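The chain contents come next:
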Amino acid sequence: MTQFPSFSRRSFIALGGAAIAGLAAPRLSFAQGLTPVTTALGWIPNAEYAGLWVGIENGYFADEGIDIKYTPGGPNAPGVLVQLAAGQADYAGGDWVPLFEAINRGNDFVVLGAAFPQSPAALMSMAKDPIKTPKDLVGKKILSQLPADKNTIDFVLKQAGLPQEFELVPTGFSPEPLLAGDGDAYMAFATNQPITFEQMGLVEGKDFFVTKFSDLGYNVPAGPIVASRAYVKENRDLVVAYLKALARGWIENGKDPSVGAKLAVEKFGADFGLNIDQTTRQSELEMPLITAPGAPGPFWFDATLVDTNCAPVAAAAGIENIPAAADIVDLGPLEEALKQL
């Protein structure tokens with residue numbers, strides 16, 4: 001996940017009940033012989049979407065008969081699931097808790113894959129007291145932007161049979177308070193905040209450590225790719241084509257991550273003042289997270305993780321009536337798309 005200002009990319013999307021109460025019918029308009037398809041982005045057009053930029057630039061979507069469009073996200077943008085429910089987008093990225101909330105409000109959404117089957121969620125710690133295992137968390141001060149992060153750490157400690165003893169300390173988007181000694185660890189994205197330390201001349205593995213939550217026993221696919229069930233049913237071939245083009249873009253970006261970064265800085269995100277060095281490094285760091293070990297290709301994830309890992313943390317956050325993965329995950333179109341690559 002990057003994606004990632006004072007408004008935190010880690011904040012959950014607030015959904016308005018009235019706005020997501022019903023689904024609009026799939027849009028069937030056509031332009032220049034191509035079918036328009038819109039993706040709602042959860043954040044500004046940066047390297048988090050490098051594969052999308054490469055797919056657009058190289059004509060992979062056009063090859064599939066798709067006129068690809070997107071709506072940029074950001075602190076003032078409507079929630080992506082709100083746009084999806086209102087028929088303003090055909091696909092949306094997202095997070096599991098808002099997705100569960102949206103489904104509980106009556107939206108028939110389905111998950112087609114995960115942008116980051118290996119989540120970038122991580123803990124940063126300093127070399128003098130590194131946090132590499134769950135037991136290293138006990139009794140520590142954890143710098144965090146979200147109170148809900150407590151549920152994640154509780155899960156890690158409980159799974160490891162350890163006492164749930166730690167202190168969550170409110171902090172901002174930058175990891176610099178960790179360097180100042182305000183806490184023992186910092187809740188981060190492995191694809192984002194570590195770059196700040198690198199640009200300060202610090203070396204990962206020597207001066208500081210980055211431990212992904214998946215290595216601590218909390219393995220959750222990040223950035224579920226969401227569509228309405230009706231849209232998928234009525235446009236299955238188009239859905240397969242979309243996923244194929246998107247996967248091609250990410251695979252191509254993996255050959256040279258600087259390509260997608262340059263497109264983000266100079267073209268698709270040109271209005272956002274992105275830094276080319278930071279963006280390129282972000283593109284490099286996220287590529288290993290696009291495909292899970294043993295998976296047939298990008299976006300594929302183990303659906304059982306939704307039940308075993310996502311659901312318990314969401315329940316601890318107060319979400320009720322959490323749907324089972326079998327009812328909301330459909331990897332069939334993705335399977336077809338990957339077979340065509």
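As shown above, the structure is provided for reference.
Residues numbered from 1 in each chain as written. Predicted model: local features only at pLDDT ≥ 70, side-chain atom pairs only at ≥ 80, totals over all residues. Heavy atoms only, no water.

With respect to the overall build of the chain
Okay, step 1: Along the chain, the regular secondary structure elements total 14 helices and 10 strands.
Okay, step 2: In terms of C-alpha radius of gyration, the chain reaches 19 Å, essentially the compact-globule figure of 20 Å for 341 residues.
Okay, step 3: Dimensions of the chain, computed from C-alpha atoms along their principal axes, come out at roughly 60 × 45 × 40 Å.
Okay, step 4: Counting the 341 residues in the chain, one finds 54% classified as buried.
Okay, step 5: Element-wise, carbon and sulfur atoms account for 51% of the exposed surface of the chain, whose accessible area totals about 14000 Å². (Helix = DSSP H or I, 4+ residues; strand = E, 2+ residues; numbered from the N terminus. Rg over C-alpha atoms; globule rule 2.2 N^0.38 Å. Buried < 20%, exposed > 50% of the residue type's maximum accessible area, 1.4 Å probe, protein only. Areas by Shrake-Rupley, 256 points an atom, 1.4 Å probe, with all protein chains shown as cover.)

A closer look at the sheet that holds strand β9 (residues 208-212)
Okay, step 1: Pairing is mixed across the open sheet formed by five strands, whose spatial order is β7-β6-β8-β5-β9. Looking at which strands have only one partner, the edges of the open sheet turn out to be β7 (167-170) and β9. Averaged over neighbouring strand pairs, the angle between their axes works out to 35 degrees when direction is ignored.
Okay, step 2: With five bridges connecting them, strand β5 (residues 121-126) and strand β8 (residues 185-189) associate as antiparallel partners. Bridged to serine 125 within β8 is alanine 185.
Okay, step 3: Lying over the sheet, helix α5 (residues 149-159) contacts β6 (141-144), β7 and β8, oriented at roughly 155 degrees with respect to β7. (Pairing = 2+ DSSP bridges. Axes fitted to C-alpha atoms, helices over the stretch in contact; angles between N-to-C directions. Contact = heavy atoms within 4.5 Å.)

Comments concerning the packing of helix α9 (residues 236-255) against helix α10 (residues 257-268)
Okay, step 1: Where α9 meets α10, the closest approach of the two axes is 4 Å, and the angle between their N-to-C directions is 110 degrees. Classified by the interaxial angle, the pair formed by α9 and α10 is roughly perpendicular. Here Asn253, Gly254 and Lys255 of α9 come into contact with α10, specifically with Pro257, Val259 and Gly260.
Okay, step 2: Its residues assigned to classes, the contact of α9 with α10 shows two nonpolar, three polar and one charged. (Parallel < 35°, antiparallel > 145°, perpendicular 65-115°, else oblique. Nonpolar A, V, L, I, M, F, W, Y, C, P; charged D, E, K, R; others polar.)

With respect to the packing of aromatic side chains
Okay, step 1: Tallying each qualifying case throughout the model produces 12 aromatic pairs.
Okay, step 2: A centroid spacing of 6.2 Å and a plane angle of 70 degrees characterise the contact between tyrosine 49 and tryptophan 53, whose relative ring orientation is edge-to-face.
Okay, step 3: In this structure tyrosine 49 comes out as buried when scored by relative accessible area, which is 12%.
Okay, step 4: Tryptophan 53 gets classed as buried once you look at its relative accessible area, which sits at 0%.
Okay, step 5: An aromatic cluster is present here, built from Tyr49, Trp53, Tyr70 and Phe268 joined pairwise through their rings.
Okay, step 6: For arginine 248, the ring lying beneath its charged end belongs to tyrosine 60, and the centroid distance is 3.8 Å. (Phe/Tyr/Trp six-rings, centres within 6.5 Å; stacked < 30°, edge-to-face > 60°. Lys NZ or Arg CZ within 6 Å of the ring centre and 35° of its normal.)

Considering α10
Okay, step 1: Its 12 residues place the ends of α10 15 Å apart at the C-alpha level, agreeing with the 16 Å of an ideal helix rising 1.5 Å per residue.
Okay, step 2: Where the residues of α10 are buried, they touch α1 (50-57), β2 (66-71), α9 and α11 (276-286). (Expected span 1.5 Å × (residues − 1).)

Observations concerning the pattern of salt bridges
Okay, step 1: With the rule as written, the count across this model stands at 12 salt bridges.
Okay, step 2: Between arginine 248 and aspartate 63 there is a salt bridge; the shortest N-O distance is 3.4 Å. Of this pair, arginine 248 sits in helix α9 while aspartate 63 sits in helix α2 (residues 60-63), and the two are 185 residues apart along the sequence.
Okay, step 3: According to the relative accessible area criterion, aspartate 63 is exposed, its value standing at 53%.
Okay, step 4: When the shortest N-O distance is used, the salt bridge between glutamate 64 and lysine 244 registers 3.3 Å. One end of the pair, glutamate 64, is in the loop between α2 and β2; the other, lysine 244, is in helix α9, and 180 residues separate them in sequence.
Okay, step 5: Bridged by salt links that share partners, the residues Glu198, Arg281 and Glu284 form one connected network. (Salt bridge = Lys/Arg side-chain N within 4 Å of Asp/Glu carboxyl O.)

Considerations on α1
Every α-helical turn comprises 3.6 residues, leaving residues that sit three or four positions apart pointing alike.
Okay, step 1: Burial analysis of α1 places six of its eight residues in the buried class, the great majority of the element.
Okay, step 2: Of all the positions in α1, only Ala50, Gly51, Leu52, Trp53, Val54 and Gly55 are classed as buried.
Okay, step 3: If you follow the buried residues of α1, they end up packed against α2, β2, α9, α10 and α11.
Okay, step 4: Two residues or fewer after α1 comes glycine 59, characterised by a positive phi angle close to 80 degrees.

Remarks on the nonpolar core
Okay, step 1: With 86 residues, the main nonpolar core has Leu81, Trp96, Phe109, Leu123, Leu137, Ile142 and Tyr242 as its most contacted residues.
Okay, step 2: When residues in this core are grouped by element, the largest group, 10 residues, is from α9.
Okay, step 3: Those residues in contact with leucine 123 that sit more than four places away from it in its chain are Ile131, Leu137, Ile142, Ala185, Tyr186, Met187, Phe209, Val210, Thr211, Phe213 and Leu216.
Okay, step 4: By size, the runner-up hydrophobic cluster in this structure holds 12 residues, among which are Met126, Val169, Tyr186 and Val210. (Core = buried A, V, L, I, M, F, W, Y, C linked by side-chain atoms within 4.5 Å.)

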